Amino acid sequence: MTDAITAAPKAPIDWSTIVRRLLKPVVFTISCLPVLWLGWLALNNGLGANPIEKLIRYNGDWALRFLLIGLAVTPIRLVTGWTEIARVRRMLGLFAFFYVCLHLSAYVGLDRFFDWRAIWADILKRVYITVGMGAFLTLIPLAITSTAGMVKRMGAKNWRRMHRVIYFTTIAAIIHYIMMLKAGYQEPALYGAILAVLLAIRAVKKWP
Ligand code: HEM
């Protein structure tokens, strides 16, 4: 006699549903790791001889990396056809903004002790700070208009057009990085090369 329970066909594992459900929480958790690691270092005297410089540089690095990771979403979708990945683009952009805010706060609060005159003088005199500030200012409207309600209010076309400024932001951030260096340009050169590849993939795939 056949057992009705054992004879029932096994439902196939629905991988696409699992991936869809896990994508956002996994990306969110991974994106929090740099700041959690920084907190762990801070609590364990792991920030080195110049902790303020470490805080500024570490958060600046991660801000730029998240800008690039966010810009990689569309090329990955275009190359692989995996449309689901577009769901994490906004989150990645907001993480870039989050790390820029930490970067800027460390500079304003810890490096310059909220001395607004000194900060203003820096913005005017040190060109890499001027460029960094320019990049930061372009991110504010993008962060404010990142909600679904704002996309609706602005209209998808206008919203997309406005959010194209992110290319300028990323280029400005790389220039900001190069300008603050006196030697050892490998890392910003690598970021510049990654940005060039991402832009080339978009251009080729969307052509004509
Ligand atoms: C989109 C905006 C920005 C991004 C992505 C960014 C990114 C970076 C990166 C990658 C570095 C080099 C880190 C390293 O050496 O490993 C850096 C350095 C620095 N950034 Fe920014 N930055 C931005 C905006 C700003 C703004 C608005 C300010 C201040 C007004 C600022 C102040 C600084 C300072 C002072 C350093 C040099 C720290 C040092 O000499 O040790 N940045 N930034």
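Scroll up to find the structure.
Treat the numbers as computed from the prediction; the structure is a model and nothing was measured. (Residues numbered from 1 in each chain as written. Predicted model: local features only at pLDDT ≥ 70, side-chain atom pairs only at ≥ 80, totals over all residues.)

Draft legend 1. Quick peek at the overall build of the protein chain. Of the regular secondary structure elements, the protein chain holds ten helices and zero strands. Of the regular secondary structure in the protein chain, the N- to C-terminal order runs α-α-α-α-α-α-α-α-α-α. For 208 residues, the compact-globule formula gives about 17 Å, and the C-alpha radius of gyration of the protein chain, at 21 Å, lies well above that figure. Here the protein chain, with 208 residues, has 18% of them falling under the buried criterion. Taking all contacts inside the protein chain whose residues are at least 6 apart in sequence as the whole, residues at least 24 apart take part in 69%. (Helix = DSSP H or I, 4+ residues; strand = E, 2+ residues; numbered from the N terminus. Rg over C-alpha atoms; globule rule 2.2 N^0.38 Å. Buried ≥ 20, exposed ≤ 12 C-beta atoms within 10 Å, placed from the backbone. Contact = placed C-beta atoms within 7 Å.)

Draft legend 2. Highlighting the nonpolar core. Residues Ala-63, Phe-66, Leu-67, Ala-96, Tyr-99 and Ala-173 are the most contacted members of the largest nonpolar core, which totals 27 residues. Top contributing element to this core by residue count: helix 3 (residues 51–80), with nine residues. Residues in contact with Ala-96, not counting those within four places in the same chain, are Ala-63, Phe-66, Leu-67 and Gly-70. (Core = buried A, V, L, I, M, F, W, Y, C linked by C-beta atoms within 7 Å.)

Draft legend 3. Expanded view of the site of the ligand. Around the ligand, the surrounding shell holds 22 residues, and the nearest of these are Arg-57, Gly-60, Gly-132, Ala-135 and Ala-173. At the level of secondary structure, the elements contributing two or more residues to the shell around the ligand comprise helix 3, helix 4 (89–111), helix 6 (127–144) and helix 9 (165–180). Ranked by residues supplied to the shell around the ligand, first place goes to helix 3 with seven residues. (Near = placed C-beta within 6 Å.)

Draft legend 4. Molecular detail of the environment of Lys-205. Mapping Lys-205 onto the fold places it in helix 10 (residues 186–205). Among the residues examined, Lys-205 registers 12 C-beta atoms within 10 Å and is labelled exposed. Once the C-alpha coordinates of Lys-205 and Tyr-99 are considered, the two residues, 106 residues apart in sequence, prove to be 31 Å apart.

Draft legend 5. Fine view of unusual backbone geometry. With a phi angle near 55°, Asn-45 is a residue other than glycine that sits in the positive phi range. The class of Asn-45 is exposed, set by 8 C-beta atoms lying within 10 Å.

None of the figures reported here should be taken as evidence of function without further support.
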